[in-house]
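Each chain, letter by letter, is given below.
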Amino acid sequence: MKAIPNPIRRALGQSDAGRGRGVDRSTTVVFLHIPKTAGQTIHAELTRVMGTDAASPIRVHSQAKTPEAQMPPGYRLYSGHIDWGALETLPEPRFVFTVLRDPLERMASFYFYLRKEAERLGPAELENPGRVGMRKVSRESADDYFFGGDPMWQRFIYDHYHSTYCTYLVTRRMRGYGQIAGMAPADLVDQAEAVARGLDGVYSVDGLGLLEHDLKVRLGFEVDLRGRVVNAGPQDRSKRRWPALEALLSEASVVKLKRFVWADQMLMARLGLGADPGARP
């Protein structure tokens, strides 16, 4: 399990009991779930120990019509692919955390997940206007999927694959790339790191035992995150996804996608959750 540097361990490895507060089961839990980062497993365990009635029904940002509606009042668990601009409206104490994964692995896992979902749909369903992504991932080459299409499609690609972690932290939006598109990558990483260090926890999918520990010590919740897998992809968990995607891409596309993830790799390195990627490709 990789250790997180002391500055961000302020609210993680130390028990509240050790600071005289004790376990507080009234804490509002907010899980900022970035797609393909073991989130379904975490959500399932949180709802199991907290109760389904405690969970907000908003699980995807598109379910809410306004920023405030992303986090409706009256719940103790907010968990999903949600915008979090309304975080400060939730009652305290709060335990706010997110989970990160090797960015290239997350990218490839998301791609193959969409292909798997597209295979489940019939031809008529794929023609539905709301299934553009499924249609493209199933019918186009990987190069065309990532770098072809009109400006609207490219906006989708950038929102879902480019600097995903940094963008989400800085803009507080699931689809916020447009807000940071003109920002220098190094500045984006600086801002994302500052936001990350303001959260109660930033974990790696390779170190979920640390999250298990903190949920027990901070909130008194006994969860099993390493022994349960929900919504896993089509490949063996022990196999890396990125090499399989890389094999489908041209050399030029591989270089471009590595640029997509550089800021997220640098962020994880600064948080002690990954290796330093070096200079941007």
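Everything below is about the structure printed above this text.
None of these values were measured; they are calculated from a predicted model.

Novice: Explanation requested: the nonpolar core in the structure shown.
Specialist: Most often, soluble globular proteins keep nonpolar side chains buried together rather than apart. Of all hydrophobic cores here, the largest spans 33 residues; its most connected members are Val 30, Met 71, Trp 84, Leu 100 and Leu 267. Among the secondary structure elements, those contributing two or more residues to this core are β1 (28-32), β3 (94-100), α7 (164-171), α8 (177-180), α9 (185-196) and α12 (251-270). With five residues, the single largest contributor to this core is α12. With residues up to four places along the chain from it excluded, the contact list for Leu 100 reads Ile 34, Tyr 165, Val 202, Tyr 203, Ser 204, Val 205, Leu 267, Met 268, Leu 271 and Leu 273.

Novice: For this particular structure, what's the right way to read the packing of aromatic side chains?
Specialist: Two aromatic rings, taken as a pair, are described by how far apart their centres are and by the angle between their planes. Counted according to the given criterion, the structure contains 18 aromatic pairs. Ring geometry for Tyr 75 versus Tyr 78: centroids 6.4 Å apart, planes at 90°, classification edge-to-face. Aromatic side chains Trp 84 and Tyr 168 sit 6.4 Å apart centroid to centroid with 65° between the ring planes, which places their arrangement in the edge-to-face category. In this pair, Trp 84 sits in the loop between β2 (77-80) and β3 while Tyr 168 sits in helix α7, placing the two residues 84 residues apart along the sequence. Residue class for Tyr 168 comes out buried when judged on its relative accessible area of 3%.

Novice: When you look at the environment of Tyr 177 in this model, what are you seeing that I'm missing?
Specialist: Along the chain, Tyr 177 falls in helix α8. Considered as a pair, Tyr 177 and Phe 156 are 21 residues apart in the sequence and their alpha carbons are 9.4 Å apart. In contact with Tyr 177, not counting residues within four places along its chain, are Tyr 158, Asp 159, His 162 and Thr 167.

Novice: I'm lost on the packing of α7 against α12 in this one. Help?
Specialist: Each pair of packed helices can be described by the angle between their axes along with the distance between the axes. The contact between α7 and α12 brings their axes to 6 Å, and the two run at 75°. By the angle between their directions, the pair α7 and α12 is classed as roughly perpendicular. Every residue of α12 that contacts α7 at Thr 164, Tyr 165, Cys 166 and Leu 169 is listed here: Ala 263, Asp 264, Leu 267 and Met 268. Of the residues that constitute the contact of α7 with α12, the class distribution is six nonpolar, one polar and one charged.

Novice: Is there a simple way to explain the pairing of β3 in this structure?
Specialist: The two faces of the sheet receive side chains in turn, since in a regular strand these alternate between them. Counting buried residues along β3, seven of its seven residues qualify, which places the element largely inside the surrounding structure. Residues of β3 alternate between two faces, with Arg 94, Val 96, Thr 98 and Leu 100 on one and Phe 95, Phe 97 and Val 99 on the opposite face, all of them buried. Note that β1 and β3 share five bridges and pair parallel. Bridged to Val 30 within β3 is Val 96. Where β3 lies against strand β4 (residues 201-204), four bridges are found, and the strand directions are parallel. Residue Thr 98 lies in a different strand from β4, and its bridge partner there is Val 202.

Novice: Would you take a moment to explain helix α10 (residues 208-219) for this structure?
Specialist: Count 3.6 residues to each turn of an α-helix, and residues three or four apart come out pointing the same way. For α10, built from 12 residues, the straight-helix expectation of 16 Å at 1.5 Å per residue is met to within 8% by its first-to-last C-alpha distance of 16 Å. Where burial is concerned, most of α10 is hidden: nine out of the 12 residues are buried. For α10, the set of buried residues is Leu 208, Gly 209, Leu 210, Leu 211, Glu 212, Asp 214, Leu 215, Arg 218 and Leu 219. Buried-residue contacts for α10 involve β1, α1 (39-50), β3 and β4. Positive phi shows up at Gly 220, right after α10, with a value of about 80°.

Novice: Help me understand the side chain of Asp 159, please; the structure alone is not making it clear to me.
Specialist: Structurally, Asp 159 is set in helix α6 (residues 151-161). Polar side-chain contacts of Asp 159 include one of 3.2 Å to the backbone nitrogen of Tyr 177. Ignoring anything within four residues of it in the chain, the contact list for Asp 159 reads Met 174, Arg 175, Gly 176, Tyr 177 and Gly 178.

Novice: Explain the sheet that holds β1 to me, please; I cannot follow it from the model alone.
Specialist: Sheet strands line up and pair through hydrogen bonds in the backbone, either parallel or antiparallel. Pairing in this open sheet of four strands is parallel, and the strands run β2-β1-β3-β4 from one edge to the other. The open sheet has two edge strands with one neighbour each: β2 and β4. When the angles between neighbouring strand axes are averaged without regard to direction, this sheet yields 20°.

Rules used in this analysis
- Residues numbered from 1 in each chain as written.
- Predicted model: local features only at pLDDT ≥ 70, side-chain atom pairs only at ≥ 80, totals over all residues.
- Heavy atoms only, no water.
- Core = buried A, V, L, I, M, F, W, Y, C linked by side-chain atoms within 4.5 Å.
- Buried < 20%, exposed > 50% of the residue type's maximum accessible area, 1.4 Å probe, protein only.
- Helix = DSSP H or I, 4+ residues; strand = E, 2+ residues; numbered from the N terminus.
- Contact = heavy atoms within 4.5 Å.
- Phe/Tyr/Trp six-rings, centres within 6.5 Å; stacked < 30°, edge-to-face > 60°.
- Axes fitted to C-alpha atoms, helices over the stretch in contact; angles between N-to-C directions.
- Parallel < 35°, antiparallel > 145°, perpendicular 65-115°, else oblique.
- Nonpolar A, V, L, I, M, F, W, Y, C, P; charged D, E, K, R; others polar.
- Pairing = 2+ DSSP bridges.
- Expected span 1.5 Å × (residues − 1).
- Polar contact = N/O pair within 3.5 Å; in protein donor to acceptor, adjacent residues only side chain to side chain.

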